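Overview (structure and organization)
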Amino acid sequence: ARALADINPAVEIASFPERLTPVNAAALISDVHVVGDALDNIDSRRVLQAAAEKNRIPMVHGAVAGFSGQVMTVFPGEAGILQIYGKPDDDHNQEQGPSPEDLLGVLAVTPALVGTFQAMEVIKILLDRKDIVNSRMLAADLETGRVDFFQF
């Protein structure tokens with residue numbers, strides 16, 4: 001928070017040095033207009049989407065693995081990331097061997113690209129622009145240079 005304030009003191013920054021849980025998530029994001037998912041695990045993403053739904057605000061999801069990334073905006077009332085990851089009790093959510101990042105690592109450019117797409121989604125929502133990536137997912141493969149959309 002201090003480093004960001006040093007870069008731009010005009011920006012209001014709130015820091016919450018605590019773990020995101022189903023109990024505190026809705027309160028932590030209660031004063032925002034849109035929330036960005038910069039989380040590192042599926043369970044926390046589900047918690048954040050549920051909190052965004054409770055607060056009736058959109059959530060911009062982003063995830064990276066290896067050379068790949070994905071972005072999707074979830075508005076209240078949409079299934080969102082449950083279409084990708086399923087519900088917590090679904091059988092297919094069990095880990096199946098090493099993840100792509102375990103094998104390949106994550107190059108800094110992958111989260112940089114996904115974060116840029118997420119930031120643009122947030123800006124479009126705040127400015128009430130069109131062409132939001134919702135009810136579909138942007139999938140980027142940086143190894144092949146492909147960007148595709150998957151419709152839900």
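Look up: the structure comes first, before these words.
As a starting point, this report considers the structure included with it. Given the structure is predicted, the values throughout are model-derived calculations rather than measurements. In every chain, residue numbers begin from 1 and rise along the written sequence. At least 70 in pLDDT is required for a residue's local features to be given in this predicted model, at least 80 for side-chain atom pairs to be given and counted, and no such filter applies to totals for whole chains, interfaces and linings, which use all residues. The basis for the side-chain values is all heavy atoms of the structure; hydrogens and waters are excluded.

Numbering goes from the N terminus for both helices and strands, where a helix is a DSSP run of H or I of at least four residues and a strand is a run of E of at least two. Among the structural elements, Leu82 can be located in helix 4 (residues 82-85). The class for Leu82 is partly exposed, based on a relative accessible area of 33%. The spatial distance from the C-alpha of Leu82 to the C-alpha of Pro17 is 27 Å, given a sequence separation of 65 residues. If sequence neighbours within four positions are ignored, Leu82 has contacts with Arg46, Gln49 and Lys87. Each residue's exposure class comes from its accessible area (1.4 Å probe, protein chains only) as a fraction of the maximum for that residue type: buried when under 20%, exposed when over 50%, partly exposed otherwise. Contacts are assigned to residue pairs that have any heavy atoms within 4.5 Å of one another.

Moving on, we get to the pairing of strand 3 (residues 68-74). A large share of strand 3 lies buried, amounting to 6 of its 7 residues. Only strands that DSSP links by at least two bridges are regarded as paired with each other. Pairing of strand 2 (residues 59-65) with strand 3, which is carried by 7 bridges, proceeds in the antiparallel orientation. From the neighbouring strand, Ala65 faces strand 3, where its bridge partner is Ser68. Turn length for the strand 2-strand 3 hairpin, with the two strands adjacent in sequence and antiparallel, is 2 residues, and the turn residue Gly66 shows positive phi of about 60°. Here strand 3 runs beside strand 4 (residues 136-141); their pairing, made up of 4 bridges, is antiparallel. Its bridge partner lying in strand 4, Val71 is registered against Leu138.

What follows covers the pattern of salt bridges. Whenever Lys or Arg places a side-chain nitrogen within 4 Å of a carboxyl oxygen from Asp or Glu, that contact is recorded as a salt bridge. The tally for this structure, following the rule as stated, stands at 5 salt bridges. Measuring nitrogen to oxygen at the nearest pair gives 2.8 Å for the salt bridge that ties Glu121 to Lys124. Of the two residues, Glu121 and Lys124 are both situated in helix 6 (residues 109-126); the distance of 3 residues between them amounts to about one turn of the helix. Like Lys124, Glu121 is buried. Of the charged contacts, one joins Arg146 and Asp148 as a salt bridge, the two residues approaching to 2.8 Å between their closest N and O atoms.

Read across the open sheet, the 5 strands follow the order 1-2-3-4-5; overall the sheet is mixed. Since the sheet does not close on itself, it has two edges, and those belong to strand 1 (35-36) and strand 5 (146-151), each with one partner. Those strands touched by helix 3 (residues 42-55) are strand 1, strand 2 and strand 3, and its axis lies near 170° from that of strand 2. With axes taken as lines fitted to C-alpha atoms, and helix axes fitted only over the stretch in contact, angles between N-to-C directions fall between 0 and 180 degrees. Helix 6 contacts strand 1, strand 2, strand 3 and strand 4 of the sheet and is inclined by roughly 170° relative to strand 2.

Across 6 bridges, the pairing between strand 4 and strand 5 is antiparallel. Following the sheet pairing, Met137 is matched in strand 5 by Phe150. The hairpin formed by strand 4 and strand 5 contains 4 residues between the paired strands, and Gly145 there has a positive phi angle of roughly 80°.

Here we take up helix 3. Between its first and last C-alpha atoms helix 3 spans 20 Å; for 14 residues at 1.5 Å apiece the expected length is 20 Å, and the two agree. Those residues of helix 3 that fall on the buried side of the exposure criterion are Ser44, Arg45, Arg46, Val47, Leu48, Gln49, Ala51 and Ala52. Buried positions along helix 3 lie against helix 2 (25-28), strand 1, strand 2, strand 3 and helix 4. Between N or O atoms, a polar contact is any pair within 3.5 Å; within protein, one atom must be a potential hydrogen donor and the other a potential acceptor, and residues adjacent in sequence are included only when both atoms are from side chains. Its side-chain oxygen 3.3 Å from the backbone nitrogen of Asp43, Asn41 forms the N-cap of helix 3. Looking one or two residues beyond helix 3, the residue adopting positive phi is Arg56, at roughly 60°. To estimate the expected span of a helix, count its residues, drop one, and scale the result by 1.5 Å.

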